[in-house]
Amino acid sequence: MRSEKDDDLLPLEELRLDEAPAGVDRRAFMMRSALVGAVAVLNGCAPAPAGTAPPPQAPPQPAAPPMSEELNVVKKAKGPVITTIDEFYKVGPGPSSSHTIGPMRITYDFYQRATKLPADQLAQATALKVHLFGSLSATGKGHGTERAALAGIVGKEPATVEPSFLDSLASDPNQVFKVKLGDKTFDASLKDVIYDAPKGEFPHPNTMTCKLMAGDKVLLEQEYYSVGGGFIEWKGYQPPKKGQPKYPYSTMAELLKHAEGANLTVAELVMANEVAVSGKSEAEVYAFIDKISNAMVNIVKSGLAAPEATLPGPIKLKTKAGEVYKRAMDDKFERQRGLGVVSAYALAGSEENARGHLVVTAPTGGSAGVMPAIVYALGEGGRKLPQDKIRDGFLAAAAVGYLCKHNATLSGAEGGCQAEIGVASAMGAAFLAQAHDYSNQVVANAAESSLQHHLGMTCDPVAGFVQVPCIERCAFGAVKSWTGFMIASNEIPSNRRVDFDTTVSAMALTAKEMNAKYKETSEGGLAVAVVLC
């Protein structure tokens, strides 16, 4: 709890470790001093000697400029939710849905467009160029954005790309690939992906352009936006034609009212809308859910089975999912064992994401360990619930994700980590409540509780890599899912004072007011507090 004098504390880098400045609460000072020492020890760096001039401080940065009103991701809040489950849960390479899956979907889309040009234009083609802007430029290196972008322009699809292909680009970045468009063949390499301006007034924080070149002449150009959760748009984007939902809702209150009036569970209502909007049958929707469920289970299994290793990048972070699982299973206290096992499952999924292997956006790549942990813990890795309950959980979780996307954001570049881990945790809590057949209000309350306690969480990946704090945040997110579910299922549902819609609104407001350096740019928080030396 903050004291009134906490506001007078000096920045960490200006603190003397040997004495408290005048007027500063001594207890708070000692805690801050201990933090400075701990950071120095963890990073193998000694604090600066007393009397050393502090480094110059960058001026405070304003909040990120607002997104363009022309983006569909902005316009969509004006109508009912019409997102479908196969749009929401997407398979692709980690470590980030907005920085890896989104850019790869973009460049693959552009490659497909290029193949459709007239033969006489394709005959002139000499190169494909990709320019990254905003957050994609600022932290793309740590996310492997350039590797994902290159994979797309050489014709590889996100859901089926071999992880070994992306790994090979990291180990041998000088590789050159042949791109064939019509009868014309030319070379493509990582040099064709350009890290352009990280600062500027872009339509979206994750903006990129793709160009097909004929020497210095542009044959085809398109501006794109990776808007979070692997969703993409482009300049002039028009959303695909869809059916109208049977039970239109744009808030949780509206969803619950429809469900009560029709005597439906959240899962049943979402299924009715899926069929109406997508035109698919219930069997087809369930088949897709089973596919995603199996993918999540396999992701956790792969992460648990992987030998301890060092993840790529300058952090030199050791993996630990397998060891955490083994030690948790040996715990003599059953409740602690369960907590450790769920954490291990989440670590397994998020470590697979950090390796750049295939993951499922739920809702994003950075949060891709949370939902798999819940799915595996309720299925073969724990309670062994029947598959129909797992399916119901997926549908309820999707409703929560839809509403957060509709009324706030799923993008770390737009809303910080509250939009990734926070939403994933809320989805997990709703999944747990629905899979255990609790009432619709408990489903909503569980999601609200989990989301509320992530509000304000910044996105501050150290060195731009989705490792610290991202991997452990997935474990905490999964545990918070369970905590939110336990509180909601044991309280009197009508007594909850804060509703889900209010919390989503708070997340949206926090995202708008959050300083830009805390939104996936690695310019604040842990990203600057942890010094790699």
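Here, the structure is the one placed above.
Residues numbered from 1 in each chain as written. Predicted model: local features only at pLDDT ≥ 70, side-chain atom pairs only at ≥ 80, totals over all residues. Heavy atoms only, no water.

Enquirer: Which residues make up the pattern of salt bridges, and what values do they have?
Expert: Side chains that differ in charge, positive against negative, can pair when their charged atoms come close. Going through the model one piece at a time under the given rule, you end up with 17 salt bridges. Here K242 makes a salt bridge to E87, at a shortest N to O gap of 2.8 Å. Here K242 is found in the loop between β8 (231-234) and α9 (252-262), whereas its partner E87 is found in helix α3 (residues 85-88), with 155 residues between them in sequence. Judged by its relative accessible area of 27%, K242 is partly exposed. (Salt bridge = Lys/Arg side-chain N within 4 Å of Asp/Glu carboxyl O. Helix = DSSP H or I, 4+ residues; strand = E, 2+ residues; numbered from the N terminus. Buried < 20%, exposed > 50% of the residue type's maximum accessible area, 1.4 Å probe, protein only.)

Enquirer: Describe the side chain of S96, with residues and values.
Expert: On the secondary structure map, S96 appears in the loop between β1 (91-93) and α4 (97-115). Residue S96 is classed as buried on the basis of its relative accessible area, which comes to 3%. Polar side-chain contacts of S96 include one of 3.0 Å to the backbone nitrogen of H99. Those residues within four positions of S96 in sequence are excluded, and the remaining contacts are I101, H143, N353, G365, G366 and E520. (Polar contact = N/O pair within 3.5 Å; in protein donor to acceptor, adjacent residues only side chain to side chain. Contact = heavy atoms within 4.5 Å.)

Enquirer: Lay out the sheet that holds strand β6 (residues 207-214) in plain terms, naming residues and giving numbers.
Expert: Read from one edge of the open sheet, five strands run β5-β2-β6-β7-β8, paired in mixed fashion. Each of the sheet's edge strands pairs with one partner strand only, and the pair in question is β5 (193-195) and β8. Across the sheet, the mean angle separating the axes of adjacent strands is 25 degrees when strand polarity is ignored. Taken together, the eight bridges between β6 and strand β7 (residues 217-228) define a ladder with antiparallel strand orientation. (Pairing = 2+ DSSP bridges. Axes fitted to C-alpha atoms, helices over the stretch in contact; angles between N-to-C directions.)

Enquirer: Before we move on, could you go through the environment of L264 and cite the residues and values that matter?
Expert: Relative to the assigned elements, L264 resides in the loop between α9 and α10 (266-278). With 176 residues separating them in the primary sequence, L264 and N440 have C-alpha atoms 8.7 Å apart. If we ignore the near neighbours within four places in the chain, the residues touching L264 are Y247, A259, L269 and N440.

Enquirer: Any details on the packing of helix α17 (residues 421-435) against helix α19 (residues 470-490)? Residues and values, ideally.
Expert: Interaxial distance between α17 and α19 falls to 8 Å at its minimum, and their mutual angle equals 40 degrees. In terms of axis orientation, α17 runs oblique to α19. As for the relative orientation of α17 and α19, their crossing is right-handed in sense. Between α17 and α19, the residues in contact are I421, A424, S425, G428, A429, L432 and A433 and R473, C474, G477, K480, S481, W482 and F485, respectively. Among the residues forming the contact of α17 with α19, the class breakdown is eight nonpolar, four polar and two charged. (Parallel < 35°, antiparallel > 145°, perpendicular 65-115°, else oblique. Left-handed = near helix turned anticlockwise from the far one by under 90°. Nonpolar A, V, L, I, M, F, W, Y, C, P; charged D, E, K, R; others polar.)

Enquirer: Can you break down the nonpolar core residue by residue, with the values?
Expert: Ranked by size, the top nonpolar core spans 98 residues in total, and within it Y89, F394 and F431 carry the most contacts. Listed in part, the 36 residues of the second largest apolar core include A125, L150, V154 and A214. (Core = buried A, V, L, I, M, F, W, Y, C linked by side-chain atoms within 4.5 Å.)

Enquirer: Got a sec to walk through α10? Specific residues and values, please.
Expert: Spanning 13 residues, α10 covers 18 Å between terminal C-alpha atoms, matching the ideal 18 Å at 1.5 Å per step. For α10, the full list of buried residues reads V266, A267, L269, V270, M271, A272, N273, E274 and V277. On its buried face, α10 sits against α3, α9, α11 (282-305), α15 (387-407), α17 and α18 (440-452). Downstream of α10 by a residue or two, G279 has a phi angle that is positive, lying close to 80 degrees. (Expected span 1.5 Å × (residues − 1).)

Enquirer: Go over the state of the cysteines, please, and point to the residues and values.
Expert: Per the counting criterion, the structure on display carries zero disulfides. C470 carries a free sulfur, and the closest cysteine sulfur to it, the one in C459, is 6.2 Å from it. (Disulfide = S-S within 2.5 Å.)

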